[in-house]
Amino acid sequence: MAGGRAVTGGASDLWMLASFALHLGGAIVCAVAAAWVLRRGDIKRPDRRATVASLCITALSCGLIAALGPDAPMAQASESFRNLAWIFVLYQLFVADGRARSVAPIRPVIAALTFVEILQPVLLVLQLRYAVTSDLAVLAFEASVSFRIMVAVGALVLLHNLYGGASPATRQAFRWTAIGLAMLWLYELNYQTTAYLSGSLPTELSALRGLVFAALGALVAVGASQAGGSLMLRPSRKVTFQTLSLLLIGGYLAVMVLISESIALQRGDLARFTQVAFVFGASVFAVLWLPSKRLRGWLRVTMVKHLFQHRYDYRVEWLRFTQTLGQGGENSHSLYERVIQALADITDSPSGLLLLPNEQGSYELASRWQWRNIDVPAEAMSGQMASLLESGSFVVDLDDVRQGGNRYGEAPLLPDWLAAEPDAWALVPLLHFDRLTGVVVLSRPLAPRNLDWEDFDLLRVVGQQLASYIAEQAGHHALMESARFEEFNRRIAFVMHDIKNLASQLTLLARNAERHAENPEFRADMLVTLRNSAEKLNSLLARLGRYGAHGSDRREPFELAKVVKTVADQYSSLHPVQVIHADSCKVLADPEALEQALIHLVQNAVDASDEQFPVMLDVSTDGVMGRVEVIDSGSGMSPEFIRNGLFKPFVSSKNAGFGIGAFEARELIMAMGGRLDVESREGLGTRFAIQLPIAAAADLLARTETRAVTNSRTEVA
């Protein structure tokens, strides 16, 4: 090969086999395409017959190349007829567009291209008969290749004028045919140029021409059908993303090989060592960096920003949203976690939080998804912020708020822990019938970007759909709880009836003993015993009655620390319970009910703690409320259990638990005008906090609440 690169025998045989297979495949595809256009092509198109003839000639040319090789005279002559046929197709396309007469320069150009291509057989004959020396053979080869380059360039110019000046309707009809012809002539230009520069036909490019002819036949067949004009190539975002990823990886590898070969041009052991070190470092870098989530996120954002009109593929997002929420089974996440994940997947956020309302109207952490390292306070969001989100129905861009933005008045109400958390990115309200059922906090994506109008619209709509799922689950749980309460009340009614009868009998016995007992000492002992039994039974009846009522209205001022120490002393022989701090404060409540509630909470703390870890009690006051904290360092509880199980009757984390202790404790405290809060972290422990009004401030609090209720009624009126 003059001026070319030597090819080994094994590689040459391999490329000859590839050339045979590809050209034979190209011949088959072009023949099938010709039959397809003849039978199902649009009969109204003037280029139909020319296209069928061109496909048949191309199929014959591919067959000759497969059988005889690209250097055979018959194969080279068939290429001239093939080029002439496709030039005539170009002219027919101008006729179909109605510009064959109006565009005067077209006919001379086509005539010139036809003349140049007709010279190819003449050159071939001259080369076979008169090129007896190597110089004449090289001259004939270069002239032939130059004519082919001229034909390829001229055909591309005609194709550009045809497609660029066509009307929109004509352009749509010729789209696929134009793509096929552009691919053919561009490849021919590259092929012939390489042959001219190297002095011989390139073996690799010659073998791959069969693949180009096959693609040409398929594209022309698609464009010749009646539906071809309306057929649009719309690759999905997944395919586009994967294609760009492959192009990026391929470009990186090409640059790496280029630099490596440049280093190899230098001589010596140092150059060789440098080349190996560069390839090793670049390969390690590619393995670690190319598959990273950050790169994929950046590539996806770039692709969506520059290649698509809209950021989201709504069909794909809806299918993924439905699949995420519909996951079931023992190993699947809870509904709350799936709600967070469904929103996070839309924005490629790696984690998120779900805040739900509590009895006081503020919002607390209900669940977290892949976000374990963030500390969320017991009151995660105030009721005022929730009211603003409910009335405005907007998504909060936390970065905009940090930069001083305050579009809806959300800046002063934003919780401090959210403003201070750099990974917190967006606050999405979940609205159901204009009622705020929850709020999702999304973390920042790995590929940073700003929220735009499409994010806001989609997140708002998806949030409404998610709110309906949460409301449906809440209604289902309420029905289940109501059914359990009904069954519990039905059973407890019989127990209360039997105990009440027993208490009445014992009371009657005590009365008879006072009248008829002859032994004064026996009568006194029996009287004390029976009275104690009756008091205990009546106390049990009172406690059982609280499950169906609001508890006792009895309230009296007493020393809070005294009751706490009494409870701690009761556990002195069972488990270490320490009072670490005790402020002096008198609260207005029921001491027996408070003692019962403390026993429930301390017992739960003891059950959750190891024997060597004490349960700690802390008594404090802020001048208005007295506070008792029950602190343990046990296994802790998840946000899901605190919200859905801790204060729900008949739900217990203990194997033999009835699930009524925490519920009764909260009911007792609320009946006294107090409040019970809980903070817990899995693996760290739990803190229960009881708040009761101080006796001196109780009247002031009551008057303030009464005044607030009166003012609200006046405003409504």
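Residues numbered from 1 in each chain as written. Predicted model: local features only at pLDDT ≥ 70, side-chain atom pairs only at ≥ 80, totals over all residues. Heavy atoms only, no water.

This brings us to the environment of Phe-613. Structurally, Phe-613 is set in the loop between α19 (591-608) and β9 (615-621). Among the residues examined, Phe-613 registers a relative accessible area of 37% and is labelled partly exposed. Separated by 21 residues in the primary sequence, Phe-613 and Gly-634 have C-alpha atoms spaced 8.3 Å apart. Residue contacts for Phe-613: discarding those within four places in its chain leaves His-575 and Ser-633. (Helix = DSSP H or I, 4+ residues; strand = E, 2+ residues; numbered from the N terminus. Buried < 20%, exposed > 50% of the residue type's maximum accessible area, 1.4 Å probe, protein only. Contact = heavy atoms within 4.5 Å.)

Right, let's talk about the pairing of strand β10 (residues 625-632) for a bit. Regular strands show a simple pattern: their side chains alternate between the two faces of the sheet. Of all the eight residues making up β10, seven are buried; the element is thus mostly covered by neighbouring parts of the structure. Where β9 meets β10, six bridges bridge the pair, whose relative direction is antiparallel. Paired with Ser-620 across the two strands is Arg-627, which belongs to β10. Counting the residues that bridge the hairpin from β9 to β10 gives three residues, and of these Gly-623 lies at a positive phi of roughly 95 degrees. For β10 and strand β12 (residues 685-693), the ladder comprises eight bridges, and the chain directions are antiparallel. Across the sheet, Val-628 pairs through a bridge with Ile-690, a residue of β12. (Pairing = 2+ DSSP bridges.)

As a further point, take the packing of aromatic side chains. Scanning the entire structure with this criterion turns up two aromatic pairs. Both rings, one in Trp-318 and one in Phe-321, keep their centres 5.4 Å apart while their planes meet at 25 degrees; by these two values the pair is stacked. Linking Trp-318 with Phe-321, this pair stays in helix α11 (residues 314-325), spanning three residues, or about one helical turn. For Trp-318, a relative accessible area of 48% puts it in the partly exposed group. (Phe/Tyr/Trp six-rings, centres within 6.5 Å; stacked < 30°, edge-to-face > 60°.)

Tracing the chain through its elements places Asn-83 in helix α3 (residues 73-97). The class of Asn-83 is buried, set by a relative accessible area of 2%. Considered as a pair, Asn-83 and Thr-58 are 25 residues apart in the sequence and their alpha carbons are 8.7 Å apart. Among residues more than four places away in sequence, those in contact with Asn-83 are Glu-117, Arg-148 and Trp-185. A polar atom in the side chain of Asn-83 sits 3.2 Å from the side chain of Arg-82. (Polar contact = N/O pair within 3.5 Å; in protein donor to acceptor, adjacent residues only side chain to side chain.)

Read across the open sheet, the five strands follow the order β2-β1-β5-β4-β3; overall the sheet is antiparallel. Unpaired on one side and paired on the other, β2 (363-369) and β3 (396-397) mark the two borders of the sheet. Summarising the sheet, β3 and strand β4 (residues 424-432) pair through two bridges and their orientation is antiparallel. Its bridge partner lying in β4, Val-396 is registered against Leu-427. Helix α20 (residues 639-646) contacts β1 (352-357) and β2 of the sheet and is inclined by roughly 125 degrees relative to β2. (Axes fitted to C-alpha atoms, helices over the stretch in contact; angles between N-to-C directions.)

A surface patch of nonpolar side chains, about 480 Å² in accessible area, is lined by Leu-17, Phe-20, Leu-24, Ile-28 and Val-32. By the secondary structure assignment, Leu-17 is in helix α1 (residues 9-40). (Patch = residues over 30% accessible without salt bridge, like charges linked within 9 Å, V, L, I, M, F, W, Y side chains within 5 Å. Areas by Shrake-Rupley, 256 points an atom, 1.4 Å probe, with all protein chains shown as cover. Salt bridge = Lys/Arg side-chain N within 4 Å of Asp/Glu carboxyl O.)

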